[in-house]
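Spelled out from the first residue to the last, the chains are:
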Amino acid sequence: MTERFKNLLNKIKVYQSIENVTLIEKAFVFAQKAHEGQKRINGKDFIVHPLGVAEILVSWHLDAGSIMAGLLHDVVEDGGVTLERLGKEFGKDITQLVNGVTKIGEIKLRGTDDDIFVENLRKMIVVMAHDLRVILVKLADRYHNLKTLYVLPLEKQKRIAKETLEVYAPLAERLGMGEIKGQLEDMAFPYAEPEKYKHLKKQTASYYKQASEDIKDFKREVLKNLVTKGIKAQVNGRQKHLYSLFKKLYRPKVNKDINKIYDLMALRIIVNTIEECYIALGLIHNLYKPVPSVGVRDFIAQPKPNGYQSIHTNVFARGRIIEIQIRTRKMHEEAENGIAAHWYYAQQKMKKVDNPQIKVGFFAPTEKMSWVNELVQWQKEIVGSKEFLDSLKFDALNHRIFVFSPKGDVYDLPADATPVDFAYAVHSDLGDQCAGAKVDGRMVGLDFKLKSGQVVEILTDKNKKKPSTDWLNFVMTQQARRKIAKHIHSS
Ligand code: MN
């Protein structure tokens with residue numbers, strides 16, 4: 001057994017049972033044998049790759065099944081092991097996971113025409129909704145491959161980098177894995193856009209150098225003040241991920257002006273309780289003046305649809321604007337690792353009540369994962385693959401806004417969505433009977449472009465049974481478009 005695997009086992013022992021540790025060891029030995037004599041393109045032993053994938057999965061605190069699947073994920077495709085053999089050694093659960101990861105790997109996400117692309121995404125989603133661990137192992141696989149992307153031919157580098165930016169990073173984001181999304185993007189960016197990457201790196205170098213100096217001072221000041229209030233906190237500085245900055249620079253409102261970006265650097269305050277979050281917020285605003293136009297965004301009271309929670313505020317401090325994010329430790333874990341963290345907390349909870357189900361390890365989407373369920377639902381509803389592609393590309397993977405119902409439910413809509421889109425997102429009857437809308441208590445036209453944070457109230461006319469055809473001129477979601485078009489065809 002390699003030294004590196006021994007180190008990994010020590011980390012696994014902290015949160016896994018002895019039985020599971022033994023199974024993981026068995027999976028490693030099996031993978032080592034299957035890949036014996038194989039080398040990666042960079043000349044290293046092949047086993048370094050599955051081991052690297054397993055290390056990533058352990059750092060996300062994933063379950064024994066995921067770790068085993070990570071170790072075994074290439075034994076069928078590259079190690080010549082049959083699924084039957086795998087089933088005999090490790091059982092149905094693990095075999096299905098490995099098979100799922102292999103199948104996703106075979107899917108060519110950038111097909112030559114739209115139909116192939118759609119079909120592939122469809123397959124991927126089916127696999128994914130069946131057991132989300134498949135996608136987590138695949139994300140770890142991609143993450144590890146990006147680290148050694150430089151050894152591949154230029155064309156392949158570009159394809160993998162683009163696929164990462166267009167499919168895997170948005171998937172990670174949708175699963176609430178913000179930190180992993182940022183890292184995947186930053187690893188792919190130099191390969192996908194080499195010139196723009198070099199330029200941005202050069203443009204921001206001196207800024208980041210100064211910022212990391214300043215952040216040390218802020219950190220000291222903030223910590224000192226928190227301590228006097230009796231709050232134990234961890235304060236970290238964080239730089240905005242480079243690719244995320246790149247995307248923001250190209251938004252029309254920013255128009256490549258780096259001075260318009262206020263979260264280039266942020267200070268993150270991690271405390272123990274929600275109450276302490278608000279105490280810390282008061283303290284921060286006492287120290288530094290908040291920036292009026294940006295305001296406080298309280299994602300604790302109103303979480304984002306992917307479950308993200310934190311308080312964000314932008315303040316003036318020493319001649320610059322910095323963003324401050326306040327959250328509890330649990331929120332922090334969830335913001336970084338998304339569903340992986342949800343799973344971990346659920347597991348810890350079950351451990352306390354000694355639930356035997358924990359051994360089953362089935363990983364179904366939770367209510368926070370409604371996006372995944374929605375995709376599966378759409379897939380059933382939509383017949384034409386062109387339409388499916390459009391709904392995926394333009395609804396699911398593009399820029400989103402978050403608006404609220406009067407009751408405070410959050411709705412996740414594409415940018416420029418209108419009250420009609422909102423109404424159909426709530427319920428198709430509400431859409432059909434929609435006669436007017438109020439946004440933040442003010443009457444607006446039905447073609448009003450909604451913005452994040454607004455409260456939308458739909459006024460209905462019970463006698464109205466049909467949507468208006470001219471709504472098709474301004475609706476943004478495929479859902480609304482489809483429902484409206486249905487009435488036209490049936491009349
Ligand atoms: Mn692999």
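Provided above is the structure to which this section pertains.
Scope of this entry: the structure provided in the associated data block. These figures come from a predicted structure and were not determined experimentally.

**Quick notes on the packing of helix 10 (residues 194–228) against helix 12 (residues 274–287)**
Two measures define how a pair of helices packs: the angle their axes make with one another and the distance between the axes. Between helix 10 and helix 12, whose axes approach to 11 Å, the crossing angle comes to 125°. Put simply, helix 10 runs oblique to helix 12. Like other packed secondary-structure pairs, helix 10 and helix 12 cross with a definite hand, here right-handed. Counting all contacts with helix 10, which are made through Val222, Asn225 and Leu226, the residues of helix 12 involved are Ala280, Leu283, Ile284 and Leu287. Looking at the contact of helix 10 with helix 12 residue by residue, the classes come out as 6 nonpolar, 1 polar and no charged.

**Considering the coordination of the manganese ion**
For the manganese ion, the protein coordination sphere consists of His49 (NE2), His73 (NE2), Asp74 (OD) and Asp141 (OD), at 2.2 to 2.4 Å. Every donor residue of the manganese ion comes from the same chain, spaced as H-x23-H-D-x66-D. Placement of His49 in helix 3 (residues 48–59) and of Asp141 in helix 7 (residues 133–147) is noted, with a sequence separation of 92 residues between them. On the basis of relative accessibility, which here comes to 2%, the residue His49 falls in the buried class. Owing to a relative accessible area of 6%, Asp141 belongs among the buried residues under this scheme.

**Quick word on the pairing of strand 5 (residues 311–317)**
Along strand 5, 6 of the 7 residues are buried, which leaves the element largely enclosed by surrounding structure. Bridging between strand 3 (residues 289–290) and strand 5 involves 2 bridges; their strand directions are antiparallel. Following the sheet pairing, Pro290 is matched in strand 5 by Val315. Relative to strand 5, strand 4 (residues 297–298) runs antiparallel, the two sharing 2 bridges. Bridge pairing in strand 5 links Asp298 to Ile311. Pairing of strand 5 with strand 6 (residues 320–328) involves 7 bridges; the strand directions are antiparallel. What sits directly across from His312, in strand 6, is Gln325. Taking the residues between adjacent antiparallel strands as the criterion, strand 5 and strand 6 are bridged by 2 residues, where Arg318 takes a positive phi near 45°.

The rules behind these values
Residues numbered from 1 in each chain as written. Predicted model: local features only at pLDDT ≥ 70, side-chain atom pairs only at ≥ 80, totals over all residues. Heavy atoms only, no water. Axes fitted to C-alpha atoms, helices over the stretch in contact; angles between N-to-C directions. Helix = DSSP H or I, 4+ residues; strand = E, 2+ residues; numbered from the N terminus. Parallel < 35°, antiparallel > 145°, perpendicular 65-115°, else oblique. Left-handed = near helix turned anticlockwise from the far one by under 90°. Contact = heavy atoms within 4.5 Å. Nonpolar A, V, L, I, M, F, W, Y, C, P; charged D, E, K, R; others polar. Donors = N, O, S within 2.8 Å, 3.2 Å for Na, K, Ca; no water. Buried < 20%, exposed > 50% of the residue type's maximum accessible area, 1.4 Å probe, protein only. Pairing = 2+ DSSP bridges.

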